[in-house]
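These are the residues of each chain, in order.
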Amino acid sequence: MADAAKVDVAVIGEEASFSGTFKGQDLIVLGRFEGQIEVRGRLRVGPKGHAKANVRAVAVEVEGEIEGDVHCDSMSLMPTARVRGKFAAKRLAVQEGALVEGSINAASARPADPVPPPAPPAPAHSAAPAQAATAQAAPPQAPAPAQGTPAETKPESEPPK
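A quick note: this is a predicted structure, and the numbers were derived from the prediction, not measured. (Residues numbered from 1 in each chain as written. Predicted model: local features only at pLDDT ≥ 70, side-chain atom pairs only at ≥ 80, totals over all residues. Heavy atoms only, no water.)

### Overview of the overall build of the chain
Counting its regular elements, the chain contains 2 helices and 10 strands. Reading the chain from its N end, one meets helices and strands in the order α-β-β-β-β-β-β-β-β-β-β-α. For the chain, buried positions account for 28% of its 161 residues. Partitioning the contacts of the chain with sequence separation of at least 6, the portion at a separation of at least 24 is 6%. For the chain, the accessible area works out to roughly 11300 Å², and carbon and sulfur atoms hold 55% of it. (Helix = DSSP H or I, 4+ residues; strand = E, 2+ residues; numbered from the N terminus. Buried < 20%, exposed > 50% of the residue type's maximum accessible area, 1.4 Å probe, protein only. Contact = heavy atoms within 4.5 Å. Areas by Shrake-Rupley, 256 points an atom, 1.4 Å probe, with all protein chains shown as cover.)

### Examining the confidence of the model for the chain
The predicted model of the chain has a mean per-residue pLDDT of 78, with 62% of residues at 70 or higher. Note that residues 126–140 has pLDDT below 50 and, in this model, 0 contacts with residues that lie over four places away or in other chains. The low-confidence segment residues 148–154 (pLDDT under 50) makes 2 contacts with residues lying over four places distant or belonging to another chain. (pLDDT = per-residue confidence, 0-100.)

### Structural notes on the pairing of strand β3 (residues 26–29)
Looking along a regular strand, one sees side chains alternate from face to face of the sheet. Of the two faces of β3, both are covered, the one formed by Asp 26 and Ile 28 as well as the one formed by Leu 27 and Val 29. Bridge count between strand β1 (residues 9–12) and β3: 4 bridges; the pairing is parallel. Residue pairing for β3: Val 9 is matched across the bridge by Asp 26. The pairing of β3 with strand β5 (residues 42–45) spans 3 bridges and is classified as parallel. Looking at the pairing, Val 29 lines up with Val 45 of β5. (Pairing = 2+ DSSP bridges.)

### With respect to the environment of Asp 26
Within the secondary structure, Asp 26 sits in strand β3. A C-alpha to C-alpha distance of 4.7 Å links Asp 26 and Val 9, two positions 17 residues apart in sequence. If we ignore the near neighbours within four places in the chain, the residues touching Asp 26 are Asp 8, Val 9, Ala 10, Val 39, Gly 41 and Arg 42. Side-chain polar atoms of Asp 26 contact the backbone nitrogen of Arg 42, separated by 2.6 Å. (Polar contact = N/O pair within 3.5 Å; in protein donor to acceptor, adjacent residues only side chain to side chain.)

### So, the nonpolar core
Core analysis: the biggest nonpolar cluster contains 25 residues, and Leu 43, Val 60, Val 62, Ile 66 and Met 75 have the highest contact counts within it. When contributions to this core are tallied by element, the ones reaching two or more residues are β3, β4 (32–39), β5, β6 (50–56), β7 (59–62), β8 (65–77) and β9 (82–94). It is β8 that provides the largest number of residues to this core, a total of 5 residues. Apart from residues lying up to four places away in sequence, Met 75 is in contact with Val 60, Val 62, Val 70, Val 83, Phe 87, Ala 89, Arg 91, Leu 92 and Ala 93. (Core = buried A, V, L, I, M, F, W, Y, C linked by side-chain atoms within 4.5 Å.)

### Side note on the packing of aromatic side chains
One pass over the full model with this rule turns up 1 aromatic pair. Measuring from ring centre to ring centre gives 5.2 Å for Phe 18 and Phe 33, while their planes differ by 20°; the resulting arrangement is stacked. With a gap of 15 residues between them, Phe 18 in strand β2 (residues 17–24) and Phe 33 in strand β4 connect regions that are remote in the sequence. Overall, Phe 18 belongs to the partly exposed group, its relative accessible area being 34%. (Phe/Tyr/Trp six-rings, centres within 6.5 Å; stacked < 30°, edge-to-face > 60°.)

Dropping the structure here:
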């Protein structure tokens, strides 16, 4: 029974509707939702569920309808899903039968939790040795001739005979 106390799942029942901002761990929408959804875990929109919302979640699973912008790590669209809007997901699974209207962009997907900013670029003086090492690299060599055939040209470093 102690495990049940740790579960943080909110459910909007089939006969219920909610308007506003929802923030929490997990949310299951079986009825109607309109507004903003920010979950640290999973959003599931059931087969009769309808969410007209901007969503930020780790995982989104849709059997019903979503209308709005969705940012998540993974998004699964079941055969009965109907989605409309802009979707940014690192991973997307679309089952046959799902309808998607809008845009999907994996490149702009942002995780649900903030990520620390990248480290600042190295000071300018450290770039010089890397450039010097690149400049000293040996020039590319011509491919070796096939075995048994004489080379048509000789390297420039050899004196003529």
